[in-house]
Amino acid sequence: MKDRESLLTKARQVLEWDALLEALAGRTVSALGAERCRSLSPAGTVEEAQALLRETAEMAALEATGEGFPISHFPDLSPVVERAAKGAPLQAVDCRDLSIVLGLVADVLRYLTRRREEAPTLAALAAGLDDLPHLKRAIDRCVDHEGNIRESATPELRDLLH
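Residues numbered from 1 in each chain as written. Predicted model: local features only at pLDDT ≥ 70, side-chain atom pairs only at ≥ 80, totals over all residues. Heavy atoms only, no water.

A.B. asks: Is there a simple way to explain the environment of Cys-142 in this structure?
C.D. replies: On the secondary structure map, Cys-142 appears in helix α8 (residues 133-142). For the pair formed by Cys-142 and Ala-153, sequence separation is 11 residues and the distance between their alpha carbons is 4.4 Å. (Helix = DSSP H or I, 4+ residues; strand = E, 2+ residues; numbered from the N terminus.)

This is how it looks when you write it as structure tokens:
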């Protein structure tokens, strides 16, 4: 086991792994994505490396089409999820942020579903996502794009505003 760790350490040095991860993190659209990139480790097996290379090759091919992957900066929902898990009420801006993320998930699902022939590995990964359309519609009906409760929201919410 010590030989394996020694070999991985040497490989990371030779590959300039930290610099590579930092460069990758610099190309992300969110703080969460950058954080995830910085925490990546080299693949542990040949099979894992091959799977990751398939994902990368598919994404590179999609990007080469010039159409662009449907993702943009998005809010970090970690604090919102933590508060909700503790039973704390969510603010209207929290709901707005959730709606933004759900919209991006829906865009990614549509994009990869249309391209499942070109990117079967990525389409299979995306198939596990749920864009919760009923929840997004409910949020959008009550909260505007600036994170304010709409006047047309439910009577209970409207009464809270006045």
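From this point, the discussion proceeds with the structure in view.
A.B. asks: Help me understand the environment of Leu-40 in this model?
C.D. replies: Following the sequence through the fold, Leu-40 ends up in the loop between α3 (31-38) and α4 (46-64). According to the relative accessible area criterion, Leu-40 is partly exposed, its value standing at 29%. Note: C-alpha distance between Leu-40 and Trp-17 (23 residues apart in sequence) is 9.4 Å. Residues contacting Leu-40, with those up to four places away along its chain left out, are Trp-17, Leu-21 and Leu-24. (Buried < 20%, exposed > 50% of the residue type's maximum accessible area, 1.4 Å probe, protein only. Contact = heavy atoms within 4.5 Å.)

A.B. asks: What should I look at first to understand the packing of aromatic side chains in this one?
C.D. replies: Taken as a whole, this structure holds 1 aromatic pair when the rule is applied. Aromatic side chains Phe-69 and Tyr-111 sit 5.2 Å apart centroid to centroid with 80° between the ring planes, which places their arrangement in the edge-to-face category. Placement of the pair is Phe-69 in the loop between α4 and α5 (78-85) and Tyr-111 in helix α6 (residues 92-114), with a sequence separation of 42 residues. Of the two residues, Phe-69 and Tyr-111, neither departs from the other in class, the shared state being buried. (Phe/Tyr/Trp six-rings, centres within 6.5 Å; stacked < 30°, edge-to-face > 60°.)

A.B. asks: What is the right way to look at the pattern of salt bridges in this model?
C.D. replies: Oppositely charged side chains can form a pair if their charged atoms are brought close together. Per the counting criterion, the structure on display carries 6 salt bridges. Asp-94 serves as the salt-bridge partner of Arg-83, at 2.5 Å between the closest nitrogen and oxygen. Here the residue Arg-83 occupies a position in helix α5, and Asp-94 occupies one in helix α6, the gap between them amounting to 11 residues. Using a relative accessible area of 32% as the deciding quantity, one classes Arg-83 as partly exposed. The exposure class assigned to Asp-94 is buried, which follows from its relative accessible area of 8%. Arg-96 is the salt-bridge partner of Asp-97, the closest N and O atoms lying 2.9 Å from each other. The exposure class assigned to Asp-97 is buried, which follows from its relative accessible area of 14%. (Salt bridge = Lys/Arg side-chain N within 4 Å of Asp/Glu carboxyl O.)

A.B. asks: What is the right way to read the side chain of Ser-99 from this model?
C.D. replies: If you trace the backbone, Ser-99 turns up in helix α6. Aside from chain neighbours lying at most four places away, what touches Ser-99 is Lys-136, Ile-139 and Asp-140.

A.B. asks: Got a minute to help me understand the nonpolar core in this structure?
C.D. replies: Soluble globular proteins: nonpolar side chains tend toward being buried together. Counting 15 residues, the largest nonpolar core has Leu-62, Phe-69, Val-101, Tyr-111, Leu-112 and Leu-122 as the members making the most contacts within it. Elements supplying a minimum of two residues to this core: α6 and α7 (120-126). Broken down by element, this core gets its largest block of residues, 7 residues, from α6. Judged by nonpolar contacts, the second largest core, of 5 residues, contains Ala-92, Ile-139, Cys-142 and Val-143. (Core = buried A, V, L, I, M, F, W, Y, C linked by side-chain atoms within 4.5 Å.)

A.B. asks: Can you walk me through the side chain of Arg-115 in this structure?
C.D. replies: Position of Arg-115 among the secondary structure elements: in the loop between α6 and α7. For Arg-115, the side chain forms a polar contact with the main-chain oxygen of Tyr-111, separated by 3.0 Å. In this view, Arg-115 contacts Leu-62 and Glu-67; residues no more than four positions away in its chain are not counted. (Polar contact = N/O pair within 3.5 Å; in protein donor to acceptor, adjacent residues only side chain to side chain.)

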